[in-house]
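Below are the chains, spelled out letter by letter.
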Amino acid sequence: MALQRWFDRAAQQSESNVGAAIRGVPEARGLTVARDEWRQAAEDMAAGGGRLLAHWASRDANGDNIVRAAFIADAGVLVLSLPLTAADADYPGIEQWFPSATRMQRAVADLSGLRTTDADRRPWLRHSAWPVSFHPLIDASAPSSPAMPVIDSYAFVPVEGDGVHEIPVGPVHAGIIEPGHFRFSVVGEKVLRLEERLGYVHKGIERRFTEFPLLSGHRLAARVSGDSAVAFSWAYCQALEGIAAAQVPPRAAWLRALALELERLANHLGDIGAIGNDAGFAFGLAQFSRLKEHLLRATEQAFGQRYLMDFVVPGGTRVDLSAPGALLLVESIESIMAEVHTLRTIYDEHAGLRDRFAGAGVVTPALAARLGLTGLAGRASGQGFDLRCDLPCDPYGELAPTKAGRTEGDVAARVGVRFDEVAESTRLVKRMVGHLPFGLHHVDLSIPDEGGSGLGLIEGWRGPIFLALEAGGGGMIRRCHPHDPSWQNWPVIEHAVIDNIVPDFPLINKSFNLSYSGHDL
Amino acid sequence: MLKTLRQIGRIGIITEPPPSSDDTLRVADQLQSRILEVLGRALCIRAVDAGSCNGCELETHALNNPLYNIEGLGIRFVASPRHADLLLITGPVAKNMELALRRTYDATPDPKLVVAIGDCGCTGGIFGESYASCGRVSNVIPVDVAVPGCPPSPHQILSGILTAIAKAVPDTSSLRSRE
């Protein structure tokens, strides 16, 4: 198979150049390709069922630009690198095979000044706060920004025709939500087209990473998207521990997985309630937000924090789980599970909810595969990938979680996947608390002077969290690229709302519940 | 329907006294009457995320759950700055959000209060000031009260809101003393 050829070449290349190996994620390989191979590799990946994990730009030790793309397939993870020289005015785009690459390529252009041959050359993360000539990941000194911010014009794609009008929404939304802009073109109540504009909460995270020592970068990683703090900080530590060639103690790995499942539970419980609320079922919000609060309080009693922002640290976890804490967690989880069971029956039998959920915001499995829908939303549209099952890191191989999956691809399916994952995560939490290995929960790391590069890849509650880390001299971060699955899934919402009515947009949007901060960086 | 009603009946009213000690309960009772006295109606809050990691949003959401039941105190979140008495701002102010935040502030009728939430809102937090971040909220608009924490707990956020009201109404000495 054509796809396998690239993995084989990567294996040969890394054998001949051991120092360039990528560590952190099992079955991860790097391959440097030539300009004319970049698109061929992407085409073969797409043909062989490979999926795009992330696309970003970096620089080598000499200051020459490199663009990278990470793919995942049955054979594992492959990071392609394409070195660019000053003579390269642009690099080949891959949106033809991976539509989700478009916005990533536009972000690379904004942050690193490297443009592709693909058609959409509009800025993405850059609005009007800094000039087009400034590239935050390349240029050392930042220009002074204008005293008063200005309104920038963005070329939305116009929709014309009899009775078509536009509804602009945001960036400030009518709720407690992150900011972003949605431009609806509608006829009557029906949505003809939605175009998203994001980047409002871009706060320079990737550049900020380079000001952090390697041993404290996990704190910034945890704040890429606060609702996925455990997943991002674990991915960061996985990459760093790969660079340090360190093995965390079994107890630390189990505690991390425990924290990750608690994070998944908290978000799923909150979402199921909020989705019910968006369909007019306030009872659901009241009940599920109550359960979420109980879970957060149990988490606080067990680990000292409601949200486990700085729980995963390089070498293990910040705190251990005490015996009383473990007991309390199990009791809470059991009572929550019993309540969820009752509430699920109510959700399933509620005619009004069924009417709003079924057939709303459909993404068919074929469309999901074509657009690269990933994570939880992907599993609701027949894209049955879950890193915890397909490329498990410790301790998931031993825990053997059951994968949730639906094919309807509507709001009902995304709610159903959440319910299934709540049930599975409660089982995992109980199992982990009952069988925690004894021993240390933390070891000290020593970072090699020569630096290195590592990857992190963790199935967060929303989907695969990817992180690429390059260590520089003096124990500092040279480059860190965190990647949230929202990059892949935001463009799919534009398709999911077509032909739905405008009032269903909040419901459909909430059923995906994507991160703005994790995307805008 | 029967199951729904049974569940409602079984759970009952679970709202806790806001913030949890007796002393503060007294404050909250007083607060409600102060809010009515000063505003003549409920306190309306407009939440604006000016660049947060969304952690502070999670805890702000929690204020609406039945245990904190912020609406029971006469405080509610509204959908427009034009309806608001108080702006609740999270995050360092991203440069891409600076204009939207200034406009939201200008659209809020006087007299208005501003509460900045979280370490980022207080100081710029872990993101600091950069080409993309204006840092703390008070670098962009006037702030009355800043609540630290990463993220602050719902109690701390509620306490910050109460403090802002106490600050705005000079003669509520008991409200001040609880800080």
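Reading the values: the criteria
- Residues numbered from 1 in each chain as written.
- Chains lettered and ligands numbered in written order.
- Predicted model: local features only at pLDDT ≥ 70, side-chain atom pairs only at ≥ 80, totals over all residues.
- Pairing = 2+ DSSP bridges.
- Helix = DSSP H or I, 4+ residues; strand = E, 2+ residues; numbered from the N terminus.
- Axes fitted to C-alpha atoms, helices over the stretch in contact; angles between N-to-C directions.
- Contact = placed C-beta atoms within 7 Å.
- Core = buried A, V, L, I, M, F, W, Y, C linked by C-beta atoms within 7 Å.
- Buried ≥ 20, exposed ≤ 12 C-beta atoms within 10 Å, placed from the backbone.
- Parallel < 35°, antiparallel > 145°, perpendicular 65-115°, else oblique.
- Left-handed = near helix turned anticlockwise from the far one by under 90°.
- Nonpolar A, V, L, I, M, F, W, Y, C, P; charged D, E, K, R; others polar.
- Domains from an automatic or database assignment.

A few points about the sheet that holds strand β4 (residues 76-83) of chain A
Residues and elements named next belong to chain A.
Part 1: Strands sit in the order β1-β4-β3-β2 across an open sheet of 4 strands; the sheet is mixed. Of all the strands in the sheet, the pair left with one neighbour each is β1 (28-32) and β2 (51-59). Each neighbouring strand pair of the sheet contributes to a mean axis angle of 20 degrees, computed without reference to strand direction.
Part 2: Pairing geometry for strand β3 (residues 65-73) and β4, over 8 bridges, is antiparallel.

Section: the environment of A:Thr299
Residue and element names in this part refer to chain A.
Part 1: Structurally, Thr299 can be placed in helix α8 (residues 282-303).
Part 2: With 122 residues separating them in the primary sequence, Thr299 and Ile177 have C-alpha atoms 24 Å apart.
Part 3: Beyond its immediate sequence surroundings of up to four residues, Thr299 is in contact with Leu262, Arg306 and Leu308.

Regarding the nonpolar core
Part 1: In this structure, A:Phe232, A:Ala235, A:Leu467, A:Leu469, B:Leu86 and B:Val115 are the most contacted members of the largest nonpolar core, which totals 209 residues.
Part 2: Ranked by residue count, the leading element in this core is helix α7 (residues 250-278) of chain A, at 15 residues.
Part 3: Other than its neighbours up to four places away in sequence, B:Leu86 contacts B:Leu43, B:Ile45, B:Lys112, B:Leu113, B:Val115, B:Ile161 and B:Ala164.

Quick word on the packing of helix α9 (residues 323-349) of chain A against helix α15 (residues 411-434) of chain A
Residues and elements named next belong to chain A.
Part 1: Two elements in contact, α9 and α15, have axes whose closest approach is 10 Å; the angle formed by their N-to-C orientations is 160 degrees. Considering the angle they form, α9 stands roughly antiparallel to α15. Handedness of the crossing formed by α9 with α15: left-handed. Within the contact between the two elements, α9 uses Ala326, Leu329, Val330, Ile333, Ile336, Met337, Val340 and Arg344 and α15 uses Phe419, Val422, Thr426, Val429, Lys430 and Val433.
Part 2: For the contact of α9 with α15, a count of residues per class yields 11 nonpolar, 1 polar and 2 charged.

Details of the interface of chain B and chain A
Part 1: Between chain B and chain A, the contact holds 43 residues from the first and 44 residues from the second.
Part 2: Ranked by residue count, the leading element in the side of chain B that touches chain A is helix α4 (residues 95-107) of chain B, at 7 residues.
Part 3: Partitioned by chemical class, the residues of the side of chain B that touches chain A number 22 nonpolar, 16 polar and 5 charged.

Describing the pairing of β2(A)
Residue and element names in this part refer to chain A.
Part 1: For β2, a buried count of 7 out of 9 residues is recorded, marking the element as mostly surrounded by other parts of the structure.
Part 2: Sheet analysis places β2 next to β3, joined by 8 bridges and oriented antiparallel. Across the sheet, the residue bridging to Leu52 is Phe71, located in β3.
Part 3: Where β2 folds back onto β3 in an antiparallel hairpin, the turn is made up of 5 residues, including Gly63, whose phi is positive at roughly 85 degrees.

Points about the domain arrangement of chain A
Residue and element names in this part refer to chain A.
Part 1: Looking at chain A, the domain boundaries give domain 1 (2-112) and domain 2 (205-510).
Part 2: Using C-alpha coordinates to define each centre, domain 1 is positioned 26 Å away from domain 2.
Part 3: Listed as interface residues are 21 residues of domain 1 and, on the opposing side, 27 residues of domain 2.
Part 4: Secondary-structure elements contributing two or more residues to the side of domain 1 that touches domain 2 are β2 and α3 (101-112).
Part 5: Looking at the side of domain 1 that touches domain 2 element by element, the count peaks at 6 residues for β2.
Part 6: For the side of domain 1 that touches domain 2, the class distribution of residues is 14 nonpolar, 3 polar and 4 charged.

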